[in-house]
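# Structural description and commentary
Each chain, letter by letter, is given below.
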Amino acid sequence: MTGAAQAHRKLLTVITESNLERDLVREIEALGVAGYTISDVRGRGDKGLRASHWGHSSNIRVEIVCDTPLAERVLERLREKYYENYAIVMWVVDVEVLRPDKFR
Amino acid sequence: MTGAAQAHRKLLTVITESNLERDLVREIEALGVAGYTISDVRGRGDKGLRASHWGHSSNIRVEIVCDTPLAERVLERLREKYYENYAIVMWVVDVEVLRPDKFR
Amino acid sequence: MTGAAQAHRKLLTVITESNLERDLVREIEALGVAGYTISDVRGRGDKGLRASHWGHSSNIRVEIVCDTPLAERVLERLREKYYENYAIVMWVVDVEVLRPDKFR
Amino acid sequence: MGLDPIVLFFALGLGAGILKADLRLPPAIYEFVSTVLLLSIGMKGGIELARQPADGLALDLLLTLILGILLTFIAFFILRYVGRLDRSNSAAVAAHYGSVSIGTFAVAVAFLAGAGISYEPTLPLLLVLLEIPAIVLGILLARGVKAGTPWGEIAHEVLLGRSVLLLLGGLAIGWAAGPEGLEPVAPLFFDLFKGILAVFLLEMGLIAADHLGGFRRHGLFMGAFALLIPPLFAMIGLGFAALMELSVGGAILLATLAASASYIAAPAAMRSAVPEANPAISLTAALAITFPFNILVGIPLYQQAAEWLLRTPS
Amino acid sequence: MGLDPIVLFFALGLGAGILKADLRLPPAIYEFVSTVLLLSIGMKGGIELARQPADGLALDLLLTLILGILLTFIAFFILRYVGRLDRSNSAAVAAHYGSVSIGTFAVAVAFLAGAGISYEPTLPLLLVLLEIPAIVLGILLARGVKAGTPWGEIAHEVLLGRSVLLLLGGLAIGWAAGPEGLEPVAPLFFDLFKGILAVFLLEMGLIAADHLGGFRRHGLFMGAFALLIPPLFAMIGLGFAALMELSVGGAILLATLAASASYIAAPAAMRSAVPEANPAISLTAALAITFPFNILVGIPLYQQAAEWLLRTPS
Amino acid sequence: MGLDPIVLFFALGLGAGILKADLRLPPAIYEFVSTVLLLSIGMKGGIELARQPADGLALDLLLTLILGILLTFIAFFILRYVGRLDRSNSAAVAAHYGSVSIGTFAVAVAFLAGAGISYEPTLPLLLVLLEIPAIVLGILLARGVKAGTPWGEIAHEVLLGRSVLLLLGGLAIGWAAGPEGLEPVAPLFFDLFKGILAVFLLEMGLIAADHLGGFRRHGLFMGAFALLIPPLFAMIGLGFAALMELSVGGAILLATLAASASYIAAPAAMRSAVPEANPAISLTAALAITFPFNILVGIPLYQQAAEWLLRTPS
Ligand SMILES: Nc1ncnc2c1ncn2[C@@H]1O[C@H](COP(=O)(O)O)[C@@H](O)[C@H]1O
Ligand SMILES: Nc1ncnc2c1ncn2[C@@H]1O[C@H](COP(=O)(O)O)[C@@H](O)[C@H]1O
Ligand SMILES: Nc1ncnc2c1ncn2[C@@H]1O[C@H](COP(=O)(O)O)[C@@H](O)[C@H]1O
Ligand code: NA
Ligand code: NA
Ligand code: NA
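Now for a description of the structure that goes with this document. (Residues numbered from 1 in each chain as written. Chains lettered and ligands numbered in written order. Predicted model: local features only at pLDDT ≥ 70, side-chain atom pairs only at ≥ 80, totals over all residues. Heavy atoms only, no water.)

In this section: the interface of chain E and chain B. Taken together, the 20 residues of chain E in the interface contact 11 residues of chain B. Between chain E and chain B, the buried area comes to about 1200 Å², and carbon and sulfur atoms account for 53% of it. Joining chain E to chain B, the criterion identifies one salt bridge. Salt-bridge contacts for Arg271 of chain E lead to Glu17 of chain B; the nearest nitrogen and oxygen are separated by 2.8 Å. (Contact = heavy atoms within 4.5 Å. Buried area = accessible area lost by both parts, 1.4 Å probe. Salt bridge = Lys/Arg side-chain N within 4 Å of Asp/Glu carboxyl O.)

With that out of the way, let us pick up the site of ligand 2. Ligand 2 sits among 21 residues. The nearest are Thr37 and Lys102 of chain A together with Asp46, Lys47 and Asn59 of chain B. Alone, ligand 2 offers 480 Å² of accessible surface; in the complex the protein occludes 98% of this. Only strand 2 (36-45) and strand 4 (59-66) of chain A together with strand 2 (36-45) and strand 5 (88-97) of chain B provide two or more residues apiece to the shell around ligand 2. Ranked by the residues each element gives to the shell around ligand 2, the list is headed by strand 2 of chain B, at four residues. Counted by class, the shell around ligand 2 contains nine nonpolar, five polar and seven charged residues. (Near = heavy atom within 4 Å. Areas by Shrake-Rupley, 256 points an atom, 1.4 Å probe, with all protein chains shown as cover. Helix = DSSP H or I, 4+ residues; strand = E, 2+ residues; numbered from the N terminus. Nonpolar A, V, L, I, M, F, W, Y, C, P; charged D, E, K, R; others polar.)

Turning our eyes to something else, we now look at helix 1 (residues 21-31) of chain C. Each α-helix winds once per 3.6 residues, and so residues spaced three or four apart point in a common direction. Taken together, the buried positions of helix 1 of chain C are occupied by Asp23, Leu24, Val25, Glu27 and Ile28 of chain C. Summarising the contacts, the buried residues of helix 1 of chain C are in contact with strand 1 (7-17), strand 2 (36-45), strand 4 (59-66) and helix 2 (68-82) of chain C together with helix 7 (151-159) of chain D. Looking one or two residues past helix 1 of chain C, Gly32 of chain C carries a phi angle of roughly 110 degrees, positive in sign. (Buried < 20%, exposed > 50% of the residue type's maximum accessible area, 1.4 Å probe, protein only.)

A few words now on the arrangement of the chains. One finds no contact between chain A and chain D; the C-alpha atoms of the two approach each other to within 12 Å at their closest. Of all C-alpha pairs spanning chain B and chain F, none lies closer than 12 Å, and the two are not in contact.

Looking now at the site of ligand 3. Of all residues adjacent to ligand 3, which total 21 residues, the nearest are Thr37 and Lys102 of chain B together with Asp46, Lys47 and Asn59 of chain C. Bordering ligand 3 are residues originating from chains B and C. Here Val65 of chain B contributes a backbone N or O atom positioned 2.9 Å from a nitrogen atom of ligand 3. For ligand 3, the protein covers 98% of the area, taking 480 Å² as the surface of the free molecule. A molecule is said to occupy a pocket when more than half its atoms come within 2 Å of that pocket's grid points, and by this definition ligand 3 occupies the largest cavity. Elements that contribute at least two residues to the shell around ligand 3 include exactly strand 2 and strand 4 (59-66) of chain B together with strand 2 and strand 5 (88-97) of chain C. For the shell around ligand 3, the element with the most residues is strand 2 of chain C, which contributes four residues. Its residues assigned to classes, the shell around ligand 3 shows nine nonpolar, five polar and seven charged. (Polar contact = N/O pair within 3.5 Å; in protein donor to acceptor, adjacent residues only side chain to side chain. 1 Å grid on protein atoms, 1.4 Å probe; cavity = no way out; pocket = protein on both sides within 12 Å on 5 of 7 lines; lining within 4 Å. Sits in = over half its atoms within 2 Å of the grid points.)

Residue and element names in this part refer to chain D. With respect to the helices, strands and loops of the structure, Ser101 is situated in the loop between helix 4 (87-98) and helix 5 (102-115). Since its relative accessible area comes to 2%, Ser101 is described here as buried. Excluding its chain neighbours within four sequence positions, the residues that come into contact with Ser101 are Ser260, Ala261, Ser262, Tyr263 and Phe291.

Residues and elements named next belong to chain E. Those donors, Tyr97 (O), Ser99 (O), Leu257 (O), Ala258 (O) and Ser260 (O), are the protein atoms that reach the sodium ion (ligand 5), and they lie 2.3 to 3.1 Å from it. Here the donor residues of the sodium ion (ligand 5) are spaced in sequence according to Y-x1-S-x157-L-A-x1-S. With Tyr97 in helix 4 (residues 87-98) and Leu257 in helix 12 (residues 248-259), this pair connects stretches of sequence that are 160 residues apart. For the pair Tyr97 and Leu257, one class covers both residues: buried. (Donors = N, O, S within 2.8 Å, 3.2 Å for Na, K, Ca; no water.)

Take a look at the structure:
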């Protein structure tokens, strides 16, 4: 795709415990993330099945489109804060966006 | 991945206001999109937090796998129709698909 | 992104009928998938609109981050088991992950 | 005794759905409402069973099993040799019509309550039993008895399905607690029964509207099938009711069960065991034609037939 | 007659929301609760209509239409020329205030029931009618009568919106089934009415708290607008009630309807037809100011005014 | 007075869960049902408070605080030095057992209603108070009093948690509106109480089944702990009830509260404040062992003990 106003960014996807939502949002906003999207998911990983209908034991997916340096800062911070004690998984994809100014 | 029947396509992701669902689906179908997937999400962007439990102020994610020309037409059309007045964000990723004929 | 502990993996996304969830999870676990994430979605494809509020006629999205050989085995198995009779769509994206050991 | 006003809620839902009005009930509400209805039907039966132990139950259960098998076979042969559907689709649709619809049963129960007609406490038990043979037989008819059929899984799905479990659970609770024991929960499970059924029917109307026009092929035949099978099966059901010496109320319920087509248990089981069958055919027939027919026209009809049949000898 | 204790639930929700407490009611509950309330209001009206046919209904309906148009125009001119909002925002906010709030109406109905005051069965019908002209006029005021307006779609959305449909459906069911026909569903739709309204108000309090502080610009003017329009419009509503020769109860309800601002139908319609209007302005005014004002202060006030106005002549 | 039939619903849920039956209640239903229960318990207390003002309340509140702290310390030392769990896990589990379970309280309230035993209106207040010290102490025991603990956040979470808020809100509404004021909402909040509690228990059974077998390590010790702590803590609770000079009903409730373990407020608080503790240990103990023990065996036992203890002197 070669539209004039397009540019490359990173899409960082985080899957983690839903009870972390409030805390994690505060954290990424403090790092300068201006936009994100959250949805409710369930799944299995190292910490076992997380699919209960019981609110606080299922997962959320947080998606953040931003530039590479910010994505790295967020990755780093979440790793250092949550990796040890929480169920969390993250991955990064290259995306093209239309209005690059929206995603610093 | 080099399976015989694989091919490259675009995955276009749109995050926008959930009250646009009916209208947006009509729009993309008119452009020739034959397949799409929708889910309910919440988030924050330029237009502020969109996470109310109140039906009409939260978001949807629309995902469309299609070929590059169609993705560009959809991007263009949605940009021109919704960018000014609605909360909307779009990004594009390269994907490999199995049965390319399913995704024109 | 060039962080030391990063590595490349595949993100396989499957959209299919929600009543297949139990069966499909059993299938991918048998193939060696250790982690996956599931969410509830709706959509349209070759098999028509699948968006009813009636539990068993809507869709799920299954996301699996894993290495290329496993992704290919999963793709192959799901294709052979479900392609003929079920509403199903799959695509694959390249992702970078932090702790490659978590995603064999 | 004409139409129960409760079917007006179905009509409202159907109308709203056809007009594509912005009226959806979230799935959570559907599950809540159907849970309460199933438990309530089961508990009512259990309370009655505690009051008056059922004589000759074993024979009734046996006859019910035979009824389920018979209906499924009849449906299969009509579909396969009159309708010329392929083997899988014939088997899948036959499983739906040999099995039963709990929503239809609930409307018939409400209808009897309104008309002041009582019925045997064993009916909820027969309902559970009638759900099962059609599904098993449907799978056999589609696949033959070959190796590789995951019978364990299928048994699990059929016997531990939501509706069987809640009905049997309600029966057991009603039987163990008895009428006084359940008095404190009566406001929710018994007083609200009809109101909750009204919400259920509103939702069913919306869903039925979604399925209208779901036939691509076999449209004419399937339409006729979905309209004519109910009265035919109701008559067979009445015959079995006479064999079991049921009361008029019990006979109306058994006829309604025979006439009704499953749209919950059977579709789920067929989708996983007979995937090559097209679910649109059976769901459209069961939900969009047979269900409305039964609650709008059928039940009063079966009442008349039951009264005529069972009162003649006396 | 002071405050109805039911508004305490609103206060609890509002307080919890302001304190950012961890209290959310899932959307499914909101939809269930509002479905029951709408059907219940409609059914009550329908039952009364079946009892005593409405005379002079046509004239009342006409006057109601005129009332809706008049209120929308007044609101528009105040917003545009006193508040100096731009054309789109003026039109969108005017549509909200010309239209009505069903939640407010339900509280007024509960208030009248508590005070033992009766009202005309046609009121739910007037409620439906009053929802419509403001929305259509709002779109016209924003866009002018130009080509390309998707009137078909807008008509569909307004006439087949959830609340219009459930109210009219309830009316029709109540009218067709009559009081005895609906007795079996009374435990859900009538006995639980106030309890369910309490849950609704708890939720509304939480939502109102979300919208507090939603004005960025025009804050002072919009605050005054949202507080002063209700009593003004209530007086106009009382005038129309006198023209229609309504009872005191009917007059209180019509005044309440006039004073109330839509926060369901109008926002949805404006968002799709007048997208350039900022939804935060109208929602904050309608939900966070006018709604609480009406249920906490307005309704008792309108009662006093209605009693004074309609009893003076006698 | 034996088992309340309402626990049969728990058994049904547990059985269905163990058999992995296809029975789920959506989270929305759980939230609705628990909201109604919490408001209802609070409102009942508030109505009684309005009738008969509580004497010596300050002392009772103080004793309750002391009770909460004492229980948490006892649990911590048993876990740490008998069970040899690490510091974090000992603290987290202790916080669960020092705190209370509202579901257990609701079953005890239903049990007393069935047995015709009355209790002090202050009990819901004591329930709220007993929820808090254990959580704060649990965090202190795990982390020590060090800098960086987000006490503001934790206070917010504990004091404005859903259950504290709904209980206190219900109390305030009940107190402000009084018995007549709440009569119109009684059909939902009081008449349906036991029915709604039945749905809640069905759901709790399903959830408990999910957590069975959740111990990997410490299984034997934790099983014994979860079975033996309830009667021990109940006896301590009875002692405090005697100090407060509560009636038999009040004593049964206080004993039940002491014996119960939190599975809502404490897990949420521990997960964010003591993340290194394994949530599976405490949830399995509280939900899958202690909760069923209390409602199936404990409550009737505590009743006998209370009657024996409090009637001896007279
Ligand atoms: N390989 C994977 N692919 C996709 N999602 C995963 C994967 N591994 C873990 N997850 C998700 O991340 C959550 C936490 O993972 P974990 O920390 O490994 O328990 C799981 O509950 C899954 O939802
Ligand atoms: N950078 C971003 N990354 C992911 N999602 C975003 C981002 N920015 C906005 N969104 C989503 O898109 C919606 C609309 O964005 P906006 O138009 O910026 O208000 C937001 O409510 C978010 O759900
Ligand atoms: N091109 C596409 N892009 C995104 N999702 C699709 C696409 N095609 C199909 N889907 C999703 O996959 C489901 C099954 O597709 P199908 O088997 O084609 O009916 C649909 O209901 C959609 O949710
Ligand atoms: Na049948
Ligand atoms: Na108005
Ligand atoms: Na305790």
